[in-house]
Amino acid sequence: MNPDLDDNATFSDFMLRLKSNDARAWARLRFVLRRVITYWLVSKGRKVAEADLIYHETFTTFYELYPRCTFENFHKLKSYVLSIADKKTKEWLRQKKTHQQLQSLEGSHLVRYPEETVYAEPAEQIGDRDLVKMLLRSLGNKEREILYGYFYRGEKLKQIARKLGLSEGNIRVIKHRALKKLRTKISELE
Amino acid sequence: MNQSHCDRHNRLELYLAHQLSDDEATAVEEHLLYCETCRKELVRMEKVIDVIRSAAEAEGGRRSPEGRPGSTRAREWLRTAALLGLVLLELYIVDAPLRKKTPPSYPINPAIEPLLNDPLRAPSPDVLNIERVFTQRDPQGRLTLTVQGRIFTTMGGVELKFYAHRNEDFINERPLARRILELREQQNGTFFQCKMPLPRPAGWIYAVLERENEILAVTKVLPGRSNPHKE
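Quantities reported herein were computed from a predicted structural model and do not represent experimental measurements. Within any chain, residue numbers begin from 1 and follow the written order of that chain's sequence. Here the convention is simple: chains get letters from A, ligands get numbers from 1, in the order in which they are written. Per-residue local features of the predicted model are confined to residues with pLDDT of at least 70, and side-chain atom pairs are confined, for both listing and counting, to 80 or more; whole-chain, interface and lining totals are unaffected and use all residues.

## Focus on the overall build of chain B
A count of helical and extended segments in chain B gives four helices and eight strands. Helix numbers and strand numbers start at the N terminus; a helix is a DSSP run of H or I with at least 4 residues, a strand a run of E with at least 2. When the helices and strands of chain B are listed from N to C terminus, the series reads α-α-α-α-β-β-β-β-β-β-β-β. Here a residue counts as buried when 20 or more other C-beta atoms sit within 10 Å of its C-beta, as exposed when there are 12 or fewer, and as partly exposed otherwise, the C-beta atoms being derived from the backbone. The proportion of buried residues among the 231 residues of chain B is 29%. What counts as a contact is two residues whose backbone-derived C-beta atoms lie within 7 Å of each other. Long-range pairs, those at least 24 residues apart, make up 57% of the contacts in chain B between residues at least 6 apart in sequence.

Structure representation (structure tokens):
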């Protein structure tokens, strides 16, 4: 077995590593599955924090069930993981609903608040917000409109080009430059 | 997936923008299992895209498209005029004397409606009516949540607790702010006002009004708007 996997590695190599409980292989799988599950749940309308919670539940279940499973390819593994995530989402929604019903039935006697009057905001959140503001101040309106459309609203470049009355090539260049600018700013801050 | 660096970069960008088909996305995900360079690149790109998404969410992603005719200066003037209008409106609303019998902007609690003209006929137990919930920003940018209403009591007074929450799931989370308001030996129909400074501007704020551990009202309000939506 190679000490590390490279571009030419096959799925069966990877599965062998998982079977032998290779910590690095599991870390890689966790890295990928986190994105697979989170993106899938976000596309279904779940919030990022909820998706993260469901991901943790899903991965724990997958880790427990894994020794009993065999997968021919990554596509099958992904489908299996997403079916677990689907069950976990339903479970989570059921729990949430029950919790809400309990609250409405029994009033709010479960409500217990801490005694402080005003709470300070965690410092890192304020820092993040300032960072976002500062970074975006370095971009023009057109650049921001393109980035929001492409990465936030999921619009195609062609749609954005039509909306802004520019050519698709032009949009691609502006997007590329804006991303480069942001990346440089972030690396400067790091 | 033996591709050049640029191809991989473009693929990852399309993946993060959710612009790939399911099969293509699965291929990228499988490649990420084996390729350290792409994983590092993905993390780097995610940082940038997270910043873009946070900003788009904060601004509501509704920025108007550029390239339209019209000078920047004119737009600046319009924006200033709109802001000034909003500030004046806010000042007018806040400074308007509450004791004037102006119709409340908030829906009237049906239990209280018959009492508005005859406050002496107070029901038992106490009834209160939240008339306005709004947020206000001072010139220094500090945000305050204000709850205004009217109380009808026969019990010699009441203690109200106000909480401001950021999330819908306010039962389990720490409130942003908390205030206690004691209304002792008040006359029927007395107006009350409770102001809570909020630690930072946020999205929706949930104002929760509680009396003796019983939630009386939950109001959802967006900072900068004074048209609350009652849940």
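After presenting the structure, the write-up continues.
## Examining helix H3 (residues 36-59) of chain B
Here, expected helix span is obtained from the residue count minus one, scaled by 1.5 Å. The terminal C-alpha atoms of H3 of chain B lie 35 Å apart, and with 24 residues this matches the ideal 34 Å at 1.5 Å per residue to within 8%. The set of residues buried in H3 of chain B consists of Cys38, Leu42, Val48, Val51, Ile52, Ala55 and Ala56 of chain B.

## As for the packing of helix H6 (residues 141-152) of chain A against H3 of chain B
In this description, a line fitted to the C-alpha atoms serves as the axis of each element, helices being fitted only across the stretch in contact, and the angle between N-to-C directions of two axes falls anywhere from 0 to 180 degrees. Between H6 of chain A and H3 of chain B, whose axes approach to 9 Å, the crossing angle comes to 100°. Considered as vectors, H6 of chain A and H3 of chain B are oriented roughly perpendicular to each other. Side by side, H6 of chain A and H3 of chain B meet where Leu147, Tyr148, Phe151 and Tyr152 of chain A of the first sit next to Ile49, Ile52, Arg53 and Ala56 of chain B of the second. As a working rule, the residues Ala, Val, Leu, Ile, Met, Phe, Trp, Tyr, Cys and Pro are called nonpolar, Asp, Glu, Lys and Arg charged, and the rest polar, with Gly in that last group. Its residues placed into classes, the contact of H6 of chain A with H3 of chain B shows seven nonpolar, no polar and one charged. Just so you know how the angles are binned, under 35 degrees is roughly parallel, over 145 roughly antiparallel, 65 to 115 roughly perpendicular, and the rest oblique.

## Regarding the confidence of the model for chain A
All names here are of chain A. In the predicted model, chain A carries a mean pLDDT of 78, and 78% of its residues have values of at least 70. Each residue carries a pLDDT score, the predictor's confidence in it, ranging from 0 to 100. Per-element averaging of pLDDT across chain A places helix H5 (residues 123-137) at the bottom with 59 and helix H7 (residues 157-164) at the top with 89. Across residues 106-127, confidence stays below pLDDT 50; counting only partners more than four residues off in sequence or on other chains, it has 26 contacts.

## Points about the environment of Phe162 of chain B
If you trace the backbone, Phe162 of chain B turns up in strand E3 (residues 157-165). Apart from the residues within four sequence positions on either side, Phe162 of chain B is in contact with Val147, Arg178, Arg179, Leu181, Cys194, Met196, Ala207 and Leu209 of chain B.

## Section: unusual backbone geometry
We note that Asn21 of chain A has phi near 55°; this positive angle belongs to a residue other than glycine. Considering the arrangement of structural elements, one finds Asn21 of chain A in the loop between helix H1 (11-19) and helix H2 (23-43). Phi is positive for His18 of chain B, which is not a glycine, with a value near 55°. Secondary-structure assignment places His18 of chain B in the loop between helix H1 (5-16) and helix H2 (22-34). Note on His18 of chain B: 13 C-beta atoms within 10 Å, which makes it partly exposed.

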